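Analysis of the macromolecular model
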Amino acid sequence: DGRFGTYSLGFNYPKMTDQSIQTDGHNIDKSLCKGFNGQGYQRGISFSIVDNLDYNNAFVGHYEAGDIQYFGHYSYGNLNLIYWKETKNFANGCSAHISGSAYV
């Protein structure tokens, strides 16, 4: 019960990088941060927010986010059940942005 439920800020397009504990969380190869590789293929990596509940909030969603799926998301009694201003097709070519979810 609050102002923000599940909500990401900024430009959220996850990619496979070389970040690791060994690199202290830094990207060594900065080219891995680009949206496309040398052959023109997307660098996106898909992930899901699974079995999540948002209840009685003002804002739920994103301004800009891609390769993110809500799977089993339940948004109940929020002022904005889901807000997603900008996205793109999944890099894997087949995933849905929302699956098995309910907005009441």
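Below you will find a few notes about this structure.

The rules behind the values
Residues numbered from 1 in each chain as written. Predicted model: local features only at pLDDT ≥ 70, side-chain atom pairs only at ≥ 80, totals over all residues. Heavy atoms only, no water. Helix = DSSP H or I, 4+ residues; strand = E, 2+ residues; numbered from the N terminus. Buried < 20%, exposed > 50% of the residue type's maximum accessible area, 1.4 Å probe, protein only. Pairing = 2+ DSSP bridges.

**What about unusual backbone geometry?**
Phi is positive for D24, which is not a glycine, with a value near 55°. Tracing the backbone shows D24 in the loop between β1 (2-12) and β2 (47-50). The residue N56 is not glycine, and still its phi comes out positive at about 60°. Relative to the helices and strands, N56 resides in the loop between β3 (53-55) and β4 (57-65). Residue class for N56 comes out partly exposed when judged on its relative accessible area of 32%.

**Points about the environment of I98**
Inspection of the secondary structure assignment puts I98 in strand β8 (residues 98-99). For the pair formed by I98 and F11, sequence separation is 87 residues and the distance between their alpha carbons is 19 Å.

**So, the sheet that holds strand β5 (residues 68-71)**
Spatially, the three strands line up as an open sheet ordered β2-β5-β8, and their pairing is parallel. Bordering the open sheet on either side are β2 and β8, each of which pairs with just one other strand. Pairing geometry for β5 and β8, over two bridges, is parallel. Looking across to β8, one finds that F71 is bridged to S99.

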